[in-house]
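Read off the chains here:
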Amino acid sequence: MEIGTRYVIQFAVTAVLARLLSPDAFGLLAMVLIFTAIGAIFIDSGSGAALVQKQSTTADEETTVFVVNVLVSLIAGLMLFACAGLIASFFNQPELAGLCRFMALIFPLNGLAVVPDALLTQRMRFNVRAKIEFGSAMTASTVALVLAWRGYGAWSLAWQAVVSIGARAVLLLVITEWRPHGRFRPRALWSIWSFGGFMLLAGLIDTGYTRLQALLVGRFFAARELGFYTMAQNTQQVPTSLAAALLNRLGLPLFSSLRHDPTLLHRAVRGSLSMSMFVFVPLVAMLALFATPVVELVFGPRWQATGPILAILALGALPWPSHVLNVSLLNALGHPRLVLRNEVIKKSLAVALLLAACPFGIGAIAWSTVAASLFAMGINMHYSGKLLGYGASSQLRDMAGIVLGTLVAVSLAYVVYLSMQRSLVALLAGCLVGAAAYLLLAWRTSHPALVDLLRLARPQRGDIR
């Protein structure tokens with residue numbers, strides 16, 4: 001509920017904003033988000049994940065992380081404020097200067113939230129997080145819609161981002177009642193950074209690669225084209241971000257608690273991967289198949305150019321739960337250095353593919369992400385095999401039934417869609433027929449993921465093992 005609330009509200013509001021604002025407005029904000037996203041990684045610096053992974057933290061560790069995060073966030077905010085003019089000149093968009101200076105507020109607000117946010121995750125208090133996410137999302141969405149309706153363009157999106165982060169930080173501090181009550185100790189910082197430092201670098205590389213796509217599109221194409229690409233990215237990231245947030249939120253603390261029992265850990269990883277891929281793969285495959293009609297239906301006809309880009313990006317997102325869970329496993333086992341090394345290898349190839357694709361247009365840039373995703377999946381699986389005995393062959397074998405069922409489902413869905421002359425009713429009918437076929441096939445073959453999901457859906461009593 002906590003994660004779903006945030007992403008459902010954000011997506012619904014984005015659909016409305018897409019009808020009120022032009023693609024240029026979304027393109028302008030995407031240029032600013034390149035820098036705010038990278039700055040946000042610096043502010044967290046991997047300390048949030050480190051607090052979760054430790055399972056038990058002291059007041060000195062929490063206070064030390066809080067002080068460092070606040071100081072880094074202030075520095076990041078001042079740097080963005082100072083560089084606003086240079087960023088506007090780089091993209092040849094004068095309006096960017098004001099947007100950058102305003103959105104520099106995101107950094108200090110985010111710095112206040114890292115520690116209480118991590119402690120809620122560590123203690124798995126998701127009911128509290130659900131209230132916080134709902135409150136911040138509704139507040140920011142209301143502000144954005146009112147401003148967009150009043151004609152504020154890209155500024156409505158900027159206000160949405162700032163209010164969302166600010167409301168979330170305030171609610172975290174008020175509801176959790178957490179305050180820095182320990183002492184700043186460099187030794188405590190080192191105990192966190194021995195894990196979090198590698199997380200910081202890995203996060204920077206991953207975020208830098210994602211934002212590099214927007215940077216190149218914004219630099220070599222118009223703001224309108226970047227708006228189309230950004231909307232495709234944002235739409236594709238609804239299921240992937242939701243899955244990543246859910247699996248990271250549960251995977252790291254769960255796997256960390258089981259890291260001393262390889263048998264239980266193997267079962268947890270295998271079950272998590274099977275169930276998440278069972279749900280995720282057919283949904284994203286349907287999104288790839290019907291990308292253009294979905295875009296026209298949700299965002300309006302003027303966003304039609306987003307459809308082909310979204311279809312390609314969705315194909316690259318199909319293995320996403322595998323990426324998240326395999327990396328969470330390495331972190332839970334205490335191998336952040338290995339995660340960083342793998343990230344360097346994966347993103348080096350991804351950046352090379354991205355740069356090679358640039359001269360061939362936005363479509364080629366999107367296809368480069370598909371190739372990079374497949375390569376990353378192989379790397380992640382390899383090291384899970386070495387550390388836990390659950391490598392590529394075992395994981396692919398567990399996914400085979402899911403892939404087969406998905407192919408049957410999308411084939412039937414497309415046939416129904418074509419036979420009903422590609423109308424809205426045809427789209428809904430195709431998706432329903434495909435989903436029914438997928439579930440029926442899983443039920444007839446007693447697919448383990450479906451069995452596990454049905455078992456989890458039933459009320460449990462007593463000890464759960």
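Numbering of residues starts from 1 in every chain and runs along the sequence as written. The predicted nature of this model means local features are confined to residues of pLDDT at least 70 and side-chain atom pairs, given and counted, to a pLDDT of 80 or more, with totals for whole chains, interfaces and linings taken over all residues. With hydrogens and water stripped out, all remaining heavy atoms of the structure feed into the side-chain values.

A. Here's a closer look at the overall build of the chain. Of regular secondary structure, the chain possesses 20 helices and zero strands. Type-normalised accessible area, obtained with a 1.4 Å probe on protein chains alone, sets the label of each residue: buried when under 20%, exposed when over 50%, and partly exposed for intermediate values. Within the chain, the proportion of its 465 residues that are buried is 53%. When checking whether two residues touch, look at their non-hydrogen atoms; a contact exists if any pair is within 4.5 Å. Counting contacts in the chain only where the partners sit at least 6 residues apart, residues at least 24 apart contribute 82% of the total. For the chain, the accessible area works out to roughly 21000 Å², and carbon and sulfur atoms hold 68% of it. Secondary structure elements are taken from DSSP: a helix is a run of H or I of four residues or more, a strand is a run of E of two residues or more, and numbering for both begins at the N terminus. Residue exposure ignores everything except the shown protein chains as possible cover, and the areas themselves are Shrake-Rupley values with a 1.4 Å probe.

B. Region of the structure containing helix H12 (residues 262-289). Counted at 1.5 Å a residue, the expected span for H12 with its 28 residues is 40 Å, and the 39 Å between its end C-alpha atoms agrees. Consider a residue and the seven residues that end there alongside the seven that start there; fitting an axis to each set, the bend is the angle between those axes. The largest bend along H12 measures about 30 degrees and falls at Met277. To estimate how far a helix should extend, the number of its residues minus one is multiplied by 1.5 Å.

C. Broad picture of the confidence of the model for the chain. As a per-residue quantity, pLDDT reports the predictor's confidence and falls between 0 and 100. Residues of the chain with pLDDT of at least 70 account for 86%, and the chain-wide mean is 82. The least confident element of the chain, judged by mean pLDDT, is helix H3 (residues 47-54) at 57; the most confident is helix H14 (residues 306-317) at 93.

D. Fine view of a nonpolar patch on the surface. Residues enter patches when they are more than 30% accessible in relative terms and free of salt bridges; like-charged ones are connected within 9 Å and nonpolar ones (Val, Leu, Ile, Met, Phe, Trp, Tyr) within 5 Å. In the sections that follow, a salt bridge refers to a side-chain nitrogen of Lys or Arg positioned within 4 Å of a carboxyl oxygen of Asp or Glu. Taken together, the side chains of Leu404, Val408, Leu412, Val433 and Leu441 define a hydrophobic patch exposed on the protein surface, amounting to about 360 Å² of accessible area. Where the nonpolar patch is concerned, the elements lending two or more residues are helix H18 (392-419) and helix H19 (424-444). Of note, Leu441 is situated in helix H19.

E. Structural view of the pattern of salt bridges. Counted under the stated rule, the structure contains six salt bridges. Counted as one network, the salt bridges with shared partners bring together Glu343, Lys346 and Lys347.

F. Focus on the state of the cysteines. Note on terminology: disulfide denotes any pair of cysteine sulfur atoms within 2.5 Å. A full pass over the atoms with the stated rule returns zero disulfides. Sulfur of Cys83: no disulfide; nearest cysteine sulfur belongs to Cys100 and is 9.1 Å away. On the basis of relative accessibility, which here comes to 32%, the residue Cys83 falls in the partly exposed class.

G. Just the packing of helix H6 (residues 96-103) against helix H9 (residues 154-176), in detail. The contact between H6 and H9 brings their axes to 10 Å, and the two run at 15 degrees. Here H6 lies roughly parallel to H9, going by the angle between them. The crossing of H6 and H9 is right-handed. Residue-level contacts link Gly98, Leu99, Phe102 and Met103 of H6 to Ala154, Trp155, Ala158, Trp159, Ala161 and Val162 of H9. Axes here mean lines fitted to C-alpha atoms, for a helix over just the part in contact, with angles spanning 0 to 180 degrees between N-to-C directions. Roughly parallel means an angle under 35 degrees; roughly antiparallel, over 145; roughly perpendicular, 65 to 115; everything else is oblique. Note on convention: near helix rotated counterclockwise from far helix by under a right angle means a left-handed crossing. Clockwise means right-handed.

H. The packing of aromatic side chains, seen in detail. Centres within 6.5 Å make a pair out of two Phe, Tyr or Trp rings, where for Trp the six-membered ring is used; the pair is then stacked when the planes are under 30 degrees apart, edge-to-face when over 60, and tilted otherwise. Considering all chains together, one arrives at eight aromatic pairs under this definition. Aromatic pair Phe102 and Trp155: ring centres 5.7 Å apart, planes at 50 degrees, arrangement tilted. In this pair, Phe102 is assigned in helix H6 and Trp155 in helix H9, connecting sequence segments 53 residues apart. By relative accessible area, which is 26% here, Trp155 ends up partly exposed. Taking the centre distance of 5.0 Å and the plane angle of 40 degrees together, the rings of Phe278 and Tyr438 count as tilted. Taken together, the residues span a long stretch of sequence, with Phe278 in helix H12 and Tyr438 in helix H19 at a distance of 160 residues. The exposure class of Phe278 is buried, given its relative accessible area of 5%.

I. Seen up close, the nonpolar core. With 74 residues, the main nonpolar core has Leu17, Leu96, Met103, Tyr229, Phe299, Trp303 and Ile309 as its most contacted residues. Discounting chain neighbours no more than four positions away, the residues touching Tyr229 are Gln213, Val217, Ile309, Leu313, Ile362, Ile365, Ala366 and Thr369. Among buried residues, the Ala, Val, Leu, Ile, Met, Phe, Trp, Tyr and Cys ones that are joined through side-chain atoms within 4.5 Å form a nonpolar core.

J. Representation of unusual backbone geometry in the model. Phi angles above zero are rare outside glycine, and Asn92 is one such case at about 60 degrees. Here Asn92 shows up in the loop between helix H5 (84-91) and H6.

K. Focus on the environment of Met381. When you line up the elements, Met381 lands in helix H17 (residues 362-388). Given a relative accessible area of 2%, Met381 falls into the buried group. Placed 55 residues apart in sequence, Met381 and Asn326 show a C-alpha to C-alpha distance of 6.6 Å. Non-local contacts of Met381, meaning those with residues more than four positions away in its chain, are made with Ser322, Asn326, Tyr390, Gly391, Ala392, Gln395, Leu396 and Met399.

L. Region of the structure containing the packing of H5 against H6. In the contact formed by H5 and H6, the axes pass within 8 Å of each other and the chain directions differ by 140 degrees. Comparing the axis directions of H5 and H6 gives the class oblique. As H5 runs across H6, the sense of the crossing is right-handed. Across from Ala84, Gly85, Ile87, Ala88 and Phe91 in H5, the residues of H6 making contact are Leu96, Ala97, Cys100 and Arg101. Throughout this entry, Asp, Glu, Lys and Arg are counted as charged residues, while Ala, Val, Leu, Ile, Met, Phe, Trp, Tyr, Cys and Pro are counted as nonpolar. The remaining residues, Gly among them, count as polar. The residue inventory of the contact of H5 with H6, partitioned by class, reads seven nonpolar, one polar and one charged.

M. Highlighting H6. With six of eight residues buried, H6 is to be regarded as a mostly interior element. The complete set of buried residues in H6 reads Leu96, Ala97, Leu99, Cys100, Phe102 and Met103.

N. Highlighting the environment of Pro23. Among the secondary structure elements, Pro23 is positioned in helix H2 (residues 23-44). Pro23 sits in the buried class, given a relative accessible area of 1%. For the pair Pro23 and Leu226, spaced 203 residues apart in the sequence, the C-alpha separation amounts to 7.9 Å. With residues near it in sequence (within four places) discarded, Pro23 still touches Ala223, Arg224, Gly227, Phe228 and Trp303.

O. Representation of the side chain of Lys347. Within the secondary structure, Lys347 sits in helix H16 (residues 336-357). For this analysis, a polar contact is any N or O atom pair within 3.5 Å, provided that within protein one partner can donate a hydrogen and the other can accept it, and provided that sequence-adjacent residues contribute only side-chain to side-chain pairs. At a separation of 2.6 Å, a polar atom in the side chain of Lys347 contacts the side chain of Glu343.

P. Seen up close, the environment of Leu29. With respect to the element layout, Leu29 can be found in helix H2. Its relative accessible area of 10% is what places Leu29 among the buried residues. Distance from Leu29 to Thr230, taken between C-alpha atoms, is 9.4 Å for residues 201 residues apart in sequence. Excluding its chain neighbours within four sequence positions, the residues that come into contact with Leu29 are Met103, Ala154, Leu157 and Ala158.

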